Amino acid sequence: MSSALPDRLHSPAAERNAPPILAALQQHLPPQGLLLEIASGSGQHAAHCSAGLPGWQWQPSDRDDALLASIAAWCADRPNVSPPLRLDVLAPGWPGVPTKLDAIFCANMIHIAPWPCTAALMQGAARHLAPGGQLFTYGPYLEDDHPTAPSNLAFDEDLKARNPAWGLRRLADVAREAAAVGLVLRERVQMPANNLLLVWGRG
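Quick caveat, the model's predicted, so the values are computed rather than measured. Sequence order as written defines the numbering, with residues in each chain counted from 1. The predicted origin of the model limits local features to residues at a pLDDT of at least 70 and limits the giving and counting of side-chain atom pairs to 80 or more, whereas totals for whole chains, interfaces and linings rest on all residues. Each side-chain value is worked out from all heavy atoms of the structure, with water and hydrogens disregarded.

## Details of the environment of Ile71
We apply this condition: We count a stretch as a helix when DSSP gives it H or I for four or more residues in a row; a strand needs E for two or more, and each element gets its number in order from the N terminus. For this analysis, residues touch if any pair of their heavy atoms sits within 4.5 Å.
Relative to the helices and strands, Ile71 is located in helix H3 (residues 65-74). C-alpha of Ile71 to C-alpha of Gln44: the two residues are 27 residues apart in sequence and 7.3 Å apart in space. For Ile71, the contacting residues outside a window of four places in its chain are Ser40, Gly41, Ser42, Gly43, Pro60, Ser61, Asp62 and Pro84.

Right under this line is the structure:
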């Protein structure tokens with residue numbers, strides 16, 4: 001991915017993670033639909049994944065104006081990417097978000113946001129997903145039945161040092177927030193660098 005345009009922010013992690021994320025989404029998504037990306041960040045995931053899912057209309061979003069500009073720059077030549085939407089997951093009702101989404105994708109927000117954002121993500125997904133729709137969350141988690149990689153433990157310490165409200169979340173706690181709104185974990189996909197792609201749907 002080039003970062004020649006001035007508004008394009010560049011995340012090395014997003015560049016590394018985008019290809020395996022796309023491969024996993026291609027395995028789990030039908031040929032076409034409408035997808036909302038929560039906390040799109042630099043826009044690199046949206047640019048890369050939308051190119052590999054031409055039958056999907058990709059709606060990126062973020063709460064930060066600088067990131068919205070970066071998303072727009074990265075996706076300017078993607079015909080199946082809508083203009084980025086300013087969205088705070090804690091906002092009541094998620095204004096501007098379509099009411100019947102076929103998929104929602106959220107990478108790296110759950111651990112880099114206060115815990116109430118996780119509940120708000122699950123509530124919004126339950127509210128906006130069409131019947132049969134799927135929520136995909138990507139990132140590192142703490143699992144009671146799997147040892148935590150040393151790199152993830154160090155990452156957790158770093159996040160908490162930057163903001164005490166951040167940090168890796170226990171998968172069981174995330175699943176409990178999902179269950180409260182009728183969502184269940186359908187599949188756990190092991191990803192590179194000790195990350196997981198989790199597939200959630202209605203119970």
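## Quick look at unusual backbone geometry
Convention followed: Burial here depends on accessible area, computed with a 1.4 Å probe over protein chains only, as a share of the maximum for the residue type. Under 20% is buried, over 50% is exposed, and the range in between is partly exposed.
At Ala193, a residue that is not glycine, the phi angle is positive and equals roughly 60°. In this fold, Ala193 is placed in the loop between strand E7 (183-191) and strand E8 (195-202). According to the relative accessible area criterion, Ala193 is exposed, its value standing at 56%.

## Digging into the side chain of Arg169
In plain terms, the rule: Charge assignment: positive for Lys and Arg, negative for Asp and Glu; neither His nor the chain ends contribute. By definition here, a salt bridge exists when the distance from a side-chain nitrogen of Lys or Arg to a carboxyl oxygen of Asp or Glu is within 4 Å. Counted as a polar contact is a pair of N or O atoms within 3.5 Å, where, for protein atoms, one must be capable of donating a hydrogen and the other of accepting one, and residues adjacent in sequence contribute only when both atoms are in side chains.
By the secondary structure assignment, Arg169 is in the loop between helix H5 (150-162) and helix H6 (171-179). Salt bridges are absent for the buried Arg169, whose nearest opposite-charge side chain, Asp156, sits at 7.1 Å. Looking at Arg169, its side chain comes within polar contact range of the main-chain oxygen of Ile110, at 3.2 Å. Aside from chain neighbours lying at most four places away, what touches Arg169 is Ile110, His111, Ala113, Pro114, Trp115, Tyr141, Leu142 and Val174.

## Focus: the packing of aromatic side chains
To be explicit about the condition: In this scheme Phe, Tyr and Trp rings, the latter by its six-membered ring, pair at centre separations within 6.5 Å, and the angle between planes marks the pair as stacked below 30 degrees, edge-to-face above 60, and tilted otherwise. By the criterion adopted, a ring carries a charge over it if an Arg CZ or a Lys NZ lies within 6 Å of its centre and within 35 degrees of its normal.
Under the criterion given, the structure shown has 1 aromatic pair. Of note, Arg8 hangs over the ring of Trp74, and the distance from its end group to the ring centre comes to 4.4 Å.

## Some points on the pattern of salt bridges
Considering all chains together, one arrives at 9 salt bridges under this definition. One network of salt bridges, with partners in common, ties together Asp144, Arg170, Asp173 and Arg176.

## So, the pairing of strand E2 (residues 56-59)
In summary, the side chains of a regular strand alternate between the two faces of the sheet. This is how it is decided: Think of it this way: DSSP has to see at least two bridges between two strands before they count as a pair. By convention, a crossover is right-handed whenever its connection, traced from the first strand over the helix to the second and viewed with the strands pointing away, goes clockwise.
Sheet topology places strand E1 (residues 33-38) next to E2; 4 bridges connect them, and they run parallel. Each residue of the ladder has a partner; that of Leu34, found in E2, is Gln57. A crossover links E1 with its parallel partner E2, the connecting element being helix H2 (residues 44-52), and its sense is right-handed.

## A closer look at the packing of helix H4 (residues 116-128) against H6
Using the following cut-off: Only the stretch in contact is used when a helix axis is fitted, and all axes are lines through C-alpha atoms; the angle between N-to-C directions ranges over 0 to 180 degrees. Roughly parallel here means an angle under 35 degrees, roughly antiparallel means over 145, roughly perpendicular means 65 to 115, and every remaining angle is called oblique. Each crossing gets its handedness from the near helix: less than a right angle anticlockwise from the far helix is left-handed, clockwise is right-handed. Ten residue types, Ala, Val, Leu, Ile, Met, Phe, Trp, Tyr, Cys and Pro, are classed as nonpolar, four, Asp, Glu, Lys and Arg, as charged, and the remainder, Gly among them, as polar.
Two elements in contact, H4 and H6, have axes whose closest approach is 8 Å; the angle formed by their N-to-C orientations is 40°. Of the possible angle classes, the one that applies to H4 and H6 is oblique. In the crossing of H4 with H6, the sense of the turn from one axis to the other is right-handed. Every residue of H6 that contacts H4 at Thr118, Ala119 and Met122 is listed here: Val174, Glu177 and Ala178. Considered class by class, the residues forming the contact of H4 with H6 number 4 nonpolar, 1 polar and 1 charged.

## Regarding the sheet that holds E1
Spatial strand order, E2-E1-E5-E6-E8-E7: 6 strands in an open sheet with mixed pairing. At either margin of the open sheet sits one strand with a lone partner, and together these are E2 and E7. Each strand of the sheet is rotated relative to its neighbour by a mean of 20°, with strand direction disregarded. With 5 bridges joining them, strand E6 (residues 129-139) and E8 adopt antiparallel strand pairing. Bridge pairing in E8 places Phe136 opposite Val199. Relative to E2, H2 is tilted by about 175°, and along the sheet it contacts E1, E2 and strand E5 (101-107).

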